[in-house]
Amino acid sequence: MIKKDLLGIKELTVEEINLILDTAAGFKDVLGRDIKKVPALRGRTAVNLFFEPSTRTRTSFELAAKRLSTDVINFSVPTSSVVKGESLIDTALTIQALGADFVIIRHSSSGVPHLLAKSLRASVINAGDGMNEHPTQALLDSFTIREKKGRIEGLTVAIVGDVCHSRVAKSNIYALTKLGARARLIGPPTLIPEEIVSLGVEVFHNIDEGLKAVDVIMVLRIQMERQGKGFFPSTEEYFKNWGLTSDRLSLAKDDAIVMHPGPMNRGVEIASDVADGPKSVILKQVTNGLAVRMAVLYLLAGVHE
Amino acid sequence: MPKELLNKQDIDRILARIAHEILERNKGVGNLCLVGIQRGGVHIAKRLAKKIKEIEGKDVPVGSLDIALYRDDLSIRKEQPVVRRTRVLCEVTDIIIILVDDVFFTGRSIRAAMDALMDLGRPAAIQLAVLIDRGHRELPIKADYVGKNIPTALNENVEVQLEEEGLEDKVVLNLVTGDSSTSSE
């Protein structure tokens, strides 16, 4: 991989996406061994710079780095100088001066990773920026689909829920369309922006129609903080209209798989029996996330001019 | 002007001889597992297993080992090497591992392969089988089974072409221009 940073799927070529997925397959082998650690990135340092709460993604990156023999620092924002008013770039430059090779950043504002990438020599990895992108989530989703279905091209993938506020949805739309899948967005008009059709997706405001004969269903998390803002009446009503139940799941292909980026709201966007059912690959996604993040760190670690 | 060093028959005879040597030294296939280094070594390992089966009538497990994550030049390369699958299906602990590679050169690949193997378990022993030994060792490592010793200059490249890669079986010597940074290992 030639680029220094992983900022979004939008910025990646099809070849780069496939290289990451192929490399992740090799790392999945490593994760299946007794000794789950390789010396590939010995002596490097990664910094988790999370301005938004996250347990899963941060832990996944931390473990991925450790499996590659890279040291990890978790820069926790509430106790840092950020609360003393230090600017974002100053914080990042300070981290770089400590010798960080990777800065893994999550921020509530879109574009922050792109801004940092310009000022830092270290590789910047976007772990979620505002409503823009969450590239490693889309990569691990594509990896999981490829692993389960043997391919991505030609598949029909339904993305159900709050597309409007979802960086996971956006990254997945870029990834799926680049890799030749058909993406369907399903949800109420309040949660699916009209302009999104320009990305080459189909929009369904009726879940039963949208789920017909799909190969993959990606359920998005309903962010509880959106409740009471007029996007949907109540979580109960959301579940009634848009929740993935086993009845609705039966509309998809017989061999369809169900995905969720986590953490799940059971009984809101997904029924418990579906989440734990035989078609669910939700926990596989978590394991694959490690392999994919190892691949990203490994590939970005080439020497940059 | 590549110079042909070995043809199809030569390679076949060499592998038959190495298969015999492996069986002689280890008194049969009892405790053996062949592990090829990705990618050329994997093909050679499979061929050796076939030869051993022809001679002894018994199957020897064959695995593939990717050494990309154990290389010693990861911090100085511009492009990261491709990570391929590692599939060592046999138990490693207490087994005699025959490590197989196509070209034996600086010995750095073999060092990496030994480290990778050790992370999979504790073999009873590791033996090394190579099709070509082209010299220029940079580490104190030697092979147990050598197909052919070919003295080379550093600006030459030994290329093992195999049917498994869609080519005609042969080994050729090429002259490489520029520095010797593109080793065949």
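It should be noted that the structure appears before, not after, this text.
Quick caveat: nothing in here was measured; it's all calculated off a predicted structure.

## Here's the deal with the overall build of chain B
Each helix and strand counted, chain B has three helices and eight strands in total. Along the chain direction, N to C, the helices and strands of chain B fall in the order β-α-β-α-β-β-α-β-β-β-β. In summary, chain B has a C-alpha radius of gyration of 16 Å against a globular reference of 16 Å for 185 residues, a match within 12%. Here the C-alpha coordinates of chain B stretch approximately 45 × 40 × 30 Å along the principal axes.

## Some remarks on the packing of aromatic side chains
A complete count under the given rule lists two aromatic pairs over all chains for this structure. With 5.6 Å between their ring centres and 70° between their planes, A:Phe27 and A:Tyr298 make a pair best called edge-to-face. You can see A:Phe27 sitting in helix H1 (residues 14-31) and its partner A:Tyr298 sitting in helix H11 (residues 282-300), a full 271 residues away along the chain. Sitting above the plane of the A:Phe61 ring, A:Arg293 keeps its charged end 4.9 Å from the centroid. For the cation-ring pair, B:Arg137 lies above B:Phe104, with the distance from its terminal atom to the ring centre recorded as 3.6 Å.

## Describing the packing of H1(A) against H11(A)
Residue and element names in this part refer to chain A. Viewed as axis vectors pointing N to C, H1 and H11 meet at an angle of 120°, and their least axial separation amounts to 8 Å. Crossing geometry of H1 relative to H11 is assigned as right-handed. Counted together, Leu19, Ile20, Thr23, Ala24, Phe27, Lys28 and Leu31 of H1 and Thr287, Asn288, Leu290, Ala291, Val292, Met294, Ala295, Val296, Tyr298 and Leu299 of H11 form the full contact between these two elements. Its residues placed into classes, the contact of H1 with H11 shows 13 nonpolar, three polar and one charged.

## Digging into the pairing of strand E3 (residues 102-107) of chain A
Residue and element names in this part refer to chain A. Within E3, six of the six residues are buried, which leaves the element mostly enclosed by the surrounding structure. Residues Phe102, Ile104 and Arg106 point to one face of E3 and Val103, Ile105 and His107 to the other, with burial holding for every one of them. The sheet contact formed by strand E1 (residues 45-50) and E3 spans five bridges and is parallel. For Phe50, the partnering residue across the bridge sits in E3 and is Arg106. Note: E3 against strand E4 (residues 123-129), five bridges, orientation parallel. The residue bridging His107 from the neighbouring strand is Asp129, located in E4. Read from E3 through helix H4 (residues 112-119) to E4, the crossover connection turns out right-handed.

## Here we look at unusual backbone geometry
The amide bond that connects A:Gly262 to the next residue, A:Pro263, takes the cis arrangement and shows omega of -10°. You can see A:Pro263 is positioned in the loop between strand E9 (257-259) and helix H10 (272-275). The phi dihedral of B:Asp94 falls on the positive side, at around 65°, and the residue is not glycine. Within the secondary structure, B:Asp94 is located in the loop between strand E3 (62-65) and strand E4 (96-104). Despite not being glycine, B:His136 shows a phi value in the positive range, around 65°. Within the secondary structure, B:His136 sits in the loop between strand E5 (125-133) and strand E6 (145-149). Since its relative accessible area comes to 30%, B:His136 is described here as partly exposed.

## Side note on the interface of chain B and chain A
Opposite the 18 residues of chain B that make contact, chain A presents 23 residues. Together, the buried faces of chain B and chain A total about 1,700 Å²; carbon and sulfur atoms form 54% of this surface. On the surface where chain B and chain A come into contact, there are two salt bridges. For B:Arg87, the salt bridge goes to A:Asp29, with nearest N and O atoms at 3.7 Å. Seen at the junction of chain B and chain A, the total is five residue pairs in polar contact (both at pLDDT 80 or more). For the side of chain B that touches chain A, the class distribution of residues is eight nonpolar, three polar and seven charged.

## Let's talk about H1(A)
Residue and element names in this part refer to chain A. Taking 1.5 Å as the rise per residue, H1 with 18 residues should run 26 Å; its terminal C-alpha atoms sit 26 Å apart, in good agreement. All of the buried residues in H1 are Glu16, Ile17, Ile20, Leu21, Thr23, Ala24, Ala25, Gly26, Phe27, Asp29, Val30 and Leu31. The inward-facing, buried residues of H1 contact helix H2 (56-67), helix H5 (135-149), helix H6 (167-178) and H11.

## A few points about the sheet that holds strand E6 (residues 182-186) of chain A
Residues and elements named next belong to chain A. The strand order across the open sheet formed by five strands is E7-E6-E5-E8-E9, and the pairing between neighbours is parallel. Each end of this open sheet is capped by a strand with a single partner; those strands are strand E7 (202-204) and E9. Adjacent strand axes in the sheet meet at a mean angle of 20° when their direction is disregarded. Examined bridge by bridge, strand E5 (residues 156-160) and strand E8 (residues 216-219) share four bridges and lie parallel to one another. In the sheet register, Val157 faces E8, and the bridge partner there is Val216. Contacts from H5 reach E8 and E9, with the element oriented near 165° to E9.

Calculation rules
Residues numbered from 1 in each chain as written. Chains lettered and ligands numbered in written order. Predicted model: local features only at pLDDT ≥ 70, side-chain atom pairs only at ≥ 80, totals over all residues. Heavy atoms only, no water. Helix = DSSP H or I, 4+ residues; strand = E, 2+ residues; numbered from the N terminus. Rg over C-alpha atoms; globule rule 2.2 N^0.38 Å. Phe/Tyr/Trp six-rings, centres within 6.5 Å; stacked < 30°, edge-to-face > 60°. Lys NZ or Arg CZ within 6 Å of the ring centre and 35° of its normal. Axes fitted to C-alpha atoms, helices over the stretch in contact; angles between N-to-C directions. Left-handed = near helix turned anticlockwise from the far one by under 90°. Contact = heavy atoms within 4.5 Å. Nonpolar A, V, L, I, M, F, W, Y, C, P; charged D, E, K, R; others polar. Buried < 20%, exposed > 50% of the residue type's maximum accessible area, 1.4 Å probe, protein only. Pairing = 2+ DSSP bridges. Right-handed = clockwise from strand over helix to strand, strands pointing away. Buried area = accessible area lost by both parts, 1.4 Å probe. Salt bridge = Lys/Arg side-chain N within 4 Å of Asp/Glu carboxyl O. Polar contact = N/O pair within 3.5 Å; in protein donor to acceptor, adjacent residues only side chain to side chain. Expected span 1.5 Å × (residues − 1).

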